[in-house]
Amino acid sequence: MRTFFTTLDIVLPIFLLIALGFLLRQIGILDETGCGRMNTFAFNVLVPAMVFYNIYTADAASFRNPRLLLFCTGSVTALFLLLMAAVPRLERDPARVGVMIQGIFRSSFVVLGMGLATSMYPGQDMSIIAIASTVVAPLFNACAVICLEVHSQGRRPDPKKIALDVIKNPLILVSILAVLLLAAGIRFPAAIDTAIKSVSSTATTISLIVLGGGLTFRGIGSYKKELAVAVAAKLLLLPLVFIPIAVWLGFSQMELLCILILFASPSPVTASIMARNTPGADWQLAGQIVVFSTTLSVVSLFCILYVLLSLGLL
């Protein structure tokens with residue numbers, strides 16, 4: 001029973017913030033335009049500030065063990081290649097194939113990940129997840145561009161465009177800057193440090209509220225099969241495959257939590273935004289995958305965390 005309430009204490013605060021955002025949207029305090037602007041602000045300012053601060057203040061020893069980064073890179077790449085081969089056999093509509101692929105392999109790694117890690121390990125060093133995001137974020141973006149262009153637009157992806165999209169990603173830019181400052185031993189004055197910390201501390205809260213404000217359950221009738229496949233794969237199949245492999249390889253505690261977040265967290269809002277900006281992609285399906293994977297992850301994440309806590313792995 002103690003493990004049950006511990007798990008509840010970890011998961012519930014995250015989803016109460018999402019529920020608050022949804023409630024604010026329903027009563028009119030938030031609207032679609034406001035959520036869109038706040039999401040842009042969070043993606044370009046708040047979340048990069050959080051990643052920057054966690055890397056900038058990290059112990060340099062965190063970079064000396066590449067095992068976790070290699071696992072994240074190899075497993076996401078293998079998953080992406082498998083989905084590129086398998087999903088077209090299940091779905092014949094090209095507009096939906098790329099959307100389903102990115103809906104399955106992408107996750108809310110940074111926002112939801114930091115939220116869960118903070119709830120689970122309050123006051124501890126979050127640099128492992130921040131450092132992993134420097135690998136995961138560009139990999140997610142590059143793979144998403146490839147699958148959407150190949151299937152939605154029926155053309156070979158442009159390597160220059162993919163490289164440019166990755167380079168322009170705010171998370172990549174701030175991560176490079178933070179690593180350089182950390183390696184050089186450069187520290188900002190206390191006032192600047194405090195300001196960055198204050199901004200970064202709001203990232204998870206605001207991002208989760210905005211995520212809730214963007215949820216809408218309209219128009220699901222024509223996507224029942226696609227939603228069932230994508231959400232079941234995202235929340236059930238991937239954790240059942242990759243978490244046991246990670247445990248077998250000896251990952252535990254914060255490293256295992258990082259892998260759990262990578263493969264068990266819901267599809268991010270950016271997946272819907274990217275699909276909406278890709279001609280030929282079914283962006284409405286992308287939005288519904290975000291909505292239902294986020295909603296149902298309340299149950300799936302609770303169950304996974306409960307099992308891992310009971311086994312003493314987290």
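Residues numbered from 1 in each chain as written. Predicted model: local features only at pLDDT ≥ 70, side-chain atom pairs only at ≥ 80, totals over all residues. Heavy atoms only, no water.

Examining the overall build of the chain
Within the chain, the regular secondary structure consists of 14 helices and zero strands. Each helix and strand of the chain, placed in order from N terminus to C terminus, yields the pattern α-α-α-α-α-α-α-α-α-α-α-α-α-α. A compact globule built from 314 residues would reach a C-alpha radius of gyration of about 20 Å, and the chain, at 19 Å, matches this within 12%. By principal-axis analysis of the C-alpha atoms, the chain measures approximately 55 × 50 × 45 Å. Expressed as a percentage of its 314 residues, the buried residues of the chain come to 51%. A sequence separation of at least 24 residues applies to 85% of the contacts in the chain between residues at least 6 apart. Of the roughly 14,300 Å² of accessible surface on the chain, 68% is carried by carbon and sulfur atoms. (Helix = DSSP H or I, 4+ residues; strand = E, 2+ residues; numbered from the N terminus. Rg over C-alpha atoms; globule rule 2.2 N^0.38 Å. Buried < 20%, exposed > 50% of the residue type's maximum accessible area, 1.4 Å probe, protein only. Contact = heavy atoms within 4.5 Å. Areas by Shrake-Rupley, 256 points an atom, 1.4 Å probe, with all protein chains shown as cover.)

Side note on the confidence of the model for the chain
Confidence along the chain averages 85 in pLDDT terms, with 95% of residues attaining 70 or more. Element-level mean pLDDT values for the chain span from 74 in helix α7 (residues 159-168) up to 94 in helix α11 (residues 224-248). (pLDDT = per-residue confidence, 0-100.)

What about the packing of aromatic side chains?
Scanning the entire structure with this criterion turns up eight aromatic pairs. Aromatic pair Phe 242 and Phe 263: ring centres 4.1 Å apart, planes at 5°, arrangement stacked. Of the two residues, Phe 242 is situated in helix α11 and Phe 263 in helix α12 (residues 253-264); the sequence distance between them amounts to 21 residues. Ring centres of Phe 302 and Tyr 306 lie 6.4 Å apart, and the angle between their planes is 10°; on these two criteria the pair is classed as stacked. Pair noted here: Phe 302 and Tyr 306 are both in helix α14 (residues 283-310), with a separation of four residues, about one helical turn. Residue Tyr 306 is classed as partly exposed on the basis of its relative accessible area of 32%. The rings of Phe 52, Tyr 56 and Phe 188 are connected pair by pair, giving a single aromatic cluster. A cation over an aromatic ring shows up here: Arg 67 above the ring of Phe 251, its NZ or CZ 4.0 Å from the ring centre. We note Arg 187 situated over the ring of Tyr 56; from NZ or CZ to the ring centre the distance is 4.6 Å. (Phe/Tyr/Trp six-rings, centres within 6.5 Å; stacked < 30°, edge-to-face > 60°. Lys NZ or Arg CZ within 6 Å of the ring centre and 35° of its normal.)

Structural notes on the pattern of salt bridges
In this structure the tally under the stated criterion is five salt bridges. The partner of Arg 67 in a salt bridge is Glu 255, with the nearest N and O atoms 3.5 Å apart. Residue Arg 67 is located in helix α3 (residues 67-90), and its partner Glu 255 is located in helix α12; the two are separated by 188 residues in the primary sequence. Residue Arg 67 is classed as partly exposed on the basis of its relative accessible area of 34%. For Glu 255, a relative accessible area of 18% puts it in the buried group. The partner of Arg 96 in a salt bridge is Asp 93, and the shortest N-O contact between them spans 3.7 Å. By relative accessible area, Arg 96 is classed as buried at 16%. For Asp 93, a relative accessible area of 30% puts it in the partly exposed group. Overlapping salt bridges, with partners in common, bring together Asp 93, Arg 96, Glu 226 and Asp 282 in one network. (Salt bridge = Lys/Arg side-chain N within 4 Å of Asp/Glu carboxyl O.)

A closer look at the nonpolar core
Core analysis: the biggest nonpolar cluster contains 93 residues, and Phe 105, Phe 109 and Leu 314 have the highest contact counts within it. In terms of residue count, helix α6 (residues 127-152) provides more of this core than any other element does, twelve residues in total. Not counting chain neighbours up to four residues away, the residues in contact with Leu 314 comprise Met 120, Tyr 121, Gln 253, Leu 256, Leu 257, Leu 260, Leu 305, Leu 308 and Leu 309. (Core = buried A, V, L, I, M, F, W, Y, C linked by side-chain atoms within 4.5 Å.)

Comments concerning the side chain of Glu 91
Note that Glu 91 resides in the loop between α3 and α4 (94-105). In this structure the side chain of Glu 91 is engaged in a polar contact, spanning 3.0 Å, whose partner is the backbone nitrogen of Asp 93. Ignoring sequence-local partners within four residues, the contact set of Glu 91 consists of Arg 96, Val 97, Met 100, Lys 225 and Glu 226. (Polar contact = N/O pair within 3.5 Å; in protein donor to acceptor, adjacent residues only side chain to side chain.)

Comments concerning a nonpolar patch on the surface
Together, Phe 4, Phe 5, Tyr 306, Val 307 and Leu 311 line one region of the surface with nonpolar side chains, adding up to about 460 Å² of accessible area. Only α1 (2-26) and α14 provide two or more residues apiece to the nonpolar patch. Locating Val 307 in the fold gives a position in helix α14. (Patch = residues over 30% accessible without salt bridge, like charges linked within 9 Å, V, L, I, M, F, W, Y side chains within 5 Å.)

Looking at unusual backbone geometry
Within the chain, Gln 253 stands out as a residue other than glycine whose phi angle is a positive 55°. Mapping Gln 253 onto the fold places it in helix α12. The class of Gln 253 is partly exposed, set by a relative accessible area of 36%.

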